[in-house]
Structures are given as structure tokens and as C-alpha cells.
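As a plain string of letters, each chain reads:
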Amino acid sequence: AGGTGGDDMHPVVGFNFKYPNLQAAVALAQLDELDERLEHARLRQRWYREFLDGCPGLSFPGGGGDNEEAILWSDILIEDRDPVCQALDAAAIGYRRFYFPLHRQEPYAAPDDGFPNALHVSTRLLWLPSALSLTRAQAERTATVIRQALDG
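It should be emphasised that the depicted structure is a prediction, and the values quoted were computed from it without experimental measurement.

**Section: helix α3 (residues 81-90)**
- Turning to α3, its buried residues number three or more, namely Arg81, Val84, Cys85 and Leu88. The buried residues of α3 all sit within an arc of 100 degrees when viewed along its axis, so they share a single face. Exposed residues lying more than 90 degrees from the buried face of α3 are Gln86 and Ala90.
- Those residues of α3 that are buried are in contact with β2 (74-78), β3 (96-97), α4 (116-122), β4 (125-128) and α5 (136-151).
- Downstream of α3 by a residue or two, Ala92 has a phi angle that is positive, lying close to 55 degrees.

**Quick look at the sheet that holds β4**
- On the basis of which strands lie adjacent, the open sheet formed by four strands has the order β1-β2-β4-β3 and antiparallel pairing. Whereas interior strands pair on both sides, the edge strands pair on one side only; in this sheet they are β1 (58-59) and β3.
- In the sheet, β1 pairs with β2 via two bridges, with the strands oriented antiparallel. Its bridge partner being in β2, Ser59 is matched across the sheet by Leu77.

**Digging into the side chain of Ser122**
- Checked against the element boundaries, Ser122 lands in helix α4.
- The exposure class of Ser122 is buried, given its relative accessible area of 9%.
- Within the local environment of Ser122, its side chain forms a polar contact with the backbone oxygen of Leu119, the two atoms lying 3.2 Å apart.

**Digging into the nonpolar core**
- Counting 22 residues, the largest nonpolar core has Leu52, Leu58, Ile76, Leu88, Leu126 and Ile146 as its most contacted members.
- Counting residues per element, the ones that place at least two in this core are α2 (34-52), β2, α3, β4 and α5.
- Among residues more than four places away in sequence, those in contact with Ile76 are Leu52, Leu58, Ser59, Phe60, Pro61, Arg124, Leu125, Leu126, Leu128 and Ile146.

**Digging into the state of the cysteines**
- What the rule picks out here adds up to zero disulfides.
- Here Cys55 is not disulfide-linked; the sulfur of Cys85 is the nearest cysteine sulfur, at 15 Å.

**Some points on the pattern of salt bridges**
- Enumeration over the complete set of coordinates arrives at five salt bridges.
- The shortest N-O distance in the salt bridge between Glu39 and Arg46 comes to 2.9 Å.
- What makes Glu39 partly exposed here is its relative accessible area of 37%.
- When its relative accessible area of 33% is taken as the criterion, Arg46 is described as partly exposed.
- The salt bridge partner of Arg104 is Asp112, with a shortest N-O separation of 2.7 Å.
- We classify Arg104 as partly exposed; its relative accessible area is 42%.
- On the accessibility criterion, Asp112 (31% relative accessible area) is partly exposed.

Conventions and cut-offs
- Residues numbered from 1 in each chain as written.
- Predicted model: local features only at pLDDT ≥ 70, side-chain atom pairs only at ≥ 80, totals over all residues.
- Heavy atoms only, no water.
- Buried < 20%, exposed > 50% of the residue type's maximum accessible area, 1.4 Å probe, protein only.
- Helix = DSSP H or I, 4+ residues; strand = E, 2+ residues; numbered from the N terminus.
- Arc of directions from axis to C-beta.
- Contact = heavy atoms within 4.5 Å.
- Pairing = 2+ DSSP bridges.
- Polar contact = N/O pair within 3.5 Å; in protein donor to acceptor, adjacent residues only side chain to side chain.
- Core = buried A, V, L, I, M, F, W, Y, C linked by side-chain atoms within 4.5 Å.
- Disulfide = S-S within 2.5 Å.
- Salt bridge = Lys/Arg side-chain N within 4 Å of Asp/Glu carboxyl O.

By themselves, these are just geometric observations and shouldn't be taken as functional.
Put into C-alpha cells, the structure is as follows:
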């Protein structure tokens, strides 16, 4: 099924052969910007952690600190995700819900009882705006909307 990622359904087994020669050439040319991009990704994480620190029902997956890997997307775990999604929609702030668990995709169907962690995370994880162009002010605005939604 076509979509934008996140909570798309995938009814058949498929393959994703990305990175033809043209894309590889572009990637090689962009390696000069790698250090700057990695630093921005780490900085973005620090912003979100700073602005969302102490929010009730919200946590960050993984560790923390400056030695953490530079992740592609900033994500949070929220006990009650729907009100946050509604608030972000109302503020016209983009986000994505986490993927449906693999065992709930048709080609890999299996009973839920074997995948408690996948079920727990799939209904709580949210990807926040994570563009390389994201500014501190934009991260703060996103966090403000999330805080207000969590405060009720």
C-alpha cells in the first residue's frame, strides 16, 4: 500500500532496493557535510530533551548525552499519544506515528502474545519534526504544543 511511512500497512512481501548509482554519486558529494549534519542531529536531540524535560507521560527512547548516536529522527514515547497528535495537527506541525508492528503486517501475521514490546511501542512512539533545517525556535514551538496537550 502506498503511503508516507509510519503506520502504513504492507499486505505483501516486497523489496526495497534503494541507492542506484546516481544516488550513490549524490551521497558521495554530500560526505563533505557529514560532520555538520551529525552535529545538527545531536543538537536537535538536545533541544527536544531540554524543552520536553519533565513532561508527564513522556520519555525518550534510548540513552542520552552527547555520545549518543546521531539519529535520523527525533522520537518520543507518550503514554497517551492521540491528544498530542490532535494538538500537533491543530498547530499544523508535522509528525509521524511509529510503524505498525511487523507481526501485524499481513505477510508476517503472528499472534500478539509473542510481541509485547512491539505492541507497547507502536501505540506510543511519535516521530517529531527532524529536518536538518529545523531551528531551535521550531523545536521549542513543537515542544510547547506537546506540553500543552499533555497538561490537558
